[in-house]
Amino acid sequence: MSGPALCGADGPDRSGDGGASGRSERADDGRGGRADDGLSGPGGRAGEALTAEVLRNALVVAAEEASIVVVRSAYSTFVVEGSDASAAILDAGGRLVAQSMATTLMNSMALKVALPELLADIPAATMRPGDVFVLNDAYRGGVHTNDLLVYRPVFVEDVPAYFTATMIHVSDLGGLSAGGMAPLATDIFLEGLQLPPVRLATARGVESTVEAILRANSRTPDKVMGDVRALIAGTAVAATRMEALVAEYGPAGLARGIDDYLDHTEARTRAALAALPPGRYEASYPIDDDGIDLNTSHTVRVAITLEPGAGAVLDFDGTDPQVPAAINSSASQSLAAAVFAMRCFLDPAIAMNDGCLRAIEVRLPPGSLLNADSPHPCGGRFVPVYAAMEAVFQALSDAMPDRAIAASGILQPFSIAAVRAPYWIHLSYDFGGVGARQGKDGPDSTGVHFGIGRNSVPQAEPVETRCPLIVESVETVPDSGGPGRHRGGLGSRTVIRFLADAHVTTRGDRLRNAPPGRSGGLPGRVGGFYRRRPDGSLERLGSKVNNVPFAAGEAFVIETTGGGGIGSPYDRPLGEIEADLRTGRVTVQGALTDYGAAVREDGSILRAE
């Protein structure tokens, strides 16, 4: 199977192909001149190059505007405060044409993979202007039950030629735990309502029967329907922009421009891959446990083959089989993670569209952790796909030691919900430290995340106004970054005190097996989830627990894991250790224990004997 891509950051490039800056994407040709971008037509005419650049940006902006409309129209706190929304433009052949500027690859990949499934059930010939469709089936391109994928056909000469698509994690669609968190689910049916491709709305409005089903399966029906209407509105805005492009360029002109855009992206991707060292590189990464059997770990394995002119093949054969627990992934998510990790070693100015996908082949063994089939749950998909990402990172780090990255702490999702109706729900996650890069320390508490896109940890004040809780503190954890010549990024600590009884659900990993360092670097310090009682005592919770009751006055503590280090800690210059001491990243004891550096009474440091 082949999959899509994202640059080293999360979202389409912001500079050239598909970016919003409007700057030409022509790269330096190595002689001080400018290389032909391949899109300027015969003879490299400036007018045609400008037209191509304008078209590329117009396509991305159409998707971007759709995602902004969803964020501003949604009801769920996580979407509104975290800007967690994605949008994409696809053609009727299922090709990904453009995605919103800061969207998540995990979402645009799902929108791409699921479109052919929609068309298989509801042929394009039966669609009418104003129709909108929805699905969330994880085994047919979806993510998990709470992520709704919404599509609207764009008609050209009375035939659907393009689709605008939006996607968010809606507030709640049932399952074991509020908000779509069901870490102890043993089958998909415990994760919430499943929707095959169905007509969600027509030109007259939302289909009443579908609305009734959604409401009946949600703890927060009004919020869910607010979210659904926001998704529909986003597709409408993007469709209007696409109709304007058809009118401006003509049906044939727009189709030709898109073909050229995708072909150019493919050529750039293949050229970037050809610059990587050829060979076969293998790596693996473990998962702590599945939440059900705490004594058994699981492993994701990859073999990457790079051949000049042949692109890249990422083969995950040998990955452990799927399990009846929520640590499996649907194929779309695994494809996204694999290609994201691959693209982190390519030119970040290469656009995110279907052209890139043609150059990268991803093989996912059916029935494995990375390609689950029904009824295996997929809600905890980020656990295996992060292992897949890490395996790719480490394999490519072996191939290119000068661009290596140590393993990272990952995001730790959690939900907090009312014990009984009326329900309120707070969904969030905190980020671990990124592993050290060759030549650089790892960023603190940001995570290497193929899914984060624009969304961020929601701000404390808006959450406190919507839920009966107080965010007492958010801080980095000293000494949590893996010691090394280059230090791993720090993890974080967040303390949330409850003003009412609540249920807490967690879904974490890398809380038992610390992210290892490289080349003599040490692992990051593992984090965890905790209950803090009024007397100050702490109780460690499991990394994957469901609906743990907390009483008003108790606090929930989230500590994330730090990234691994690179190189021997004893090679870290004293000046850098001194800077870490000043900024609080390293304590006096940590400097001595981890780096062999003692602090004198005057504040200066020296290597301990």
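Keep in mind it's a predicted model, so treat the numbers as computed, not measured.

Student: A description of the overall build of the protein chain should follow, citing residues and the corresponding values.
Tutor: Of regular secondary structure, the protein chain possesses 12 helices and 22 strands. Split into buried and exposed, the 609 residues of the protein chain put 60% on the buried side. Put simply, of all contacts in the protein chain between residues at least 6 apart along the chain, 72% involve residues at least 24 apart. Carbon and sulfur atoms make up 53% of the accessible area of the protein chain, which amounts to about 21400 Å² in all.

Student: Could you give an account of the packing of helix H3 (residues 105-121) against helix H7 (residues 331-343), naming the residues involved and the relevant values?
Tutor: Running from N to C, H3 and H7 cross one another at 130°; their axes reach a closest spacing of 8 Å. Put simply, H3 runs oblique to H7. Like other packed secondary-structure pairs, H3 and H7 cross with a definite hand, here right-handed. Packed against H3, whose contacting residues are Leu105, Met106, Met109, Ala110 and Val113, the element H7 presents Ser332, Gln333, Leu335, Ala336 and Phe340 at the interface. When the residues that make up the contact of H3 with H7 are grouped by side-chain class, the tally is 8 nonpolar, 2 polar and no charged.

Student: Describe in detail the packing of helix H5 (residues 221-249) against helix H6 (residues 251-274), supporting the description with residues and values.
Tutor: Running from N to C, H5 and H6 point in directions that differ by 105°, and their axes come no closer than 6 Å. In terms of orientation, H5 lies roughly perpendicular with respect to H6. For the pair formed by H5 and H6, the contact residues are Met242, Leu245, Val246 and Tyr249 on the first element and Pro251, Gly253 and Leu254 on the second. Of the residues contributing to the contact of H5 with H6, the split by class is 6 nonpolar, 1 polar and no charged.

Student: Residue-level account of the nonpolar core, with values.
Tutor: In terms of nonpolar packing, the biggest core is built from 88 residues, with Tyr151, Leu314, Phe316 and Met342 touching the most fellow members. Ranked by the residues each element gives to this core, the list is headed by helix H9 (residues 382-399), at 13 residues. Beyond its immediate stretch of four places on either side in the chain, Met342 contacts Leu273, Leu276, Leu306, Ala312, Leu314, Ile360, Val392 and Leu396.

Student: Run through the sheet that holds strand E10 (residues 311-315), naming residues and quoting values.
Tutor: The 4 strands lie next to each other as E8-E9-E10-E11, forming an open sheet whose pairing is mixed. Among the strands making up the open sheet, the edge pair consists of strand E8 (279-287) and strand E11 (360-363). The average angle at which neighbouring strand axes cross in this sheet is 15°, direction not considered. When E10 meets E11, the two strands line up parallel, connected through 4 bridges. Residue Asp315 lies in a different strand from E11, and its bridge partner there is Arg363. The sheet contacts of H9 involve E8, strand E9 (298-307) and E10, and relative to E8 the element is tilted by about 145°.

Student: Describe the pattern of salt bridges, with residues and values.
Tutor: Under the criterion given, the structure shown has 41 salt bridges. Residue Arg268 is joined to Asp347 by a salt bridge in which the shortest nitrogen-to-oxygen separation is 3.0 Å. Taken as a pair, Arg268 in helix H6 and Asp347 in the loop between H7 and helix H8 (354-357) lie far apart in primary sequence, 79 residues in all. On the basis of relative accessible area, Arg268 is assigned to the buried category, the value being 15%. Among the ionic pairs, Asp289 bridges to Arg512, the shortest N-O distance being 3.4 Å. Linking Asp289 in the loop between E8 and E9 with Arg512 in the loop between strand E16 (502-506) and strand E17 (528-532), this pair joins segments that are 223 residues apart in sequence. Each of Asp441, Asp444, Arg485, Arg487, Arg572, Glu576, Asp580 and Arg585 takes part in one network of salt bridges that share partners.

Calculation rules
Residues numbered from 1 in each chain as written. Predicted model: local features only at pLDDT ≥ 70, side-chain atom pairs only at ≥ 80, totals over all residues. Heavy atoms only, no water. Helix = DSSP H or I, 4+ residues; strand = E, 2+ residues; numbered from the N terminus. Buried < 20%, exposed > 50% of the residue type's maximum accessible area, 1.4 Å probe, protein only. Contact = heavy atoms within 4.5 Å. Areas by Shrake-Rupley, 256 points an atom, 1.4 Å probe, with all protein chains shown as cover. Axes fitted to C-alpha atoms, helices over the stretch in contact; angles between N-to-C directions. Parallel < 35°, antiparallel > 145°, perpendicular 65-115°, else oblique. Left-handed = near helix turned anticlockwise from the far one by under 90°. Nonpolar A, V, L, I, M, F, W, Y, C, P; charged D, E, K, R; others polar. Core = buried A, V, L, I, M, F, W, Y, C linked by side-chain atoms within 4.5 Å. Pairing = 2+ DSSP bridges. Salt bridge = Lys/Arg side-chain N within 4 Å of Asp/Glu carboxyl O.

All quantities given are derived from atomic positions and should not be read as evidence of function.
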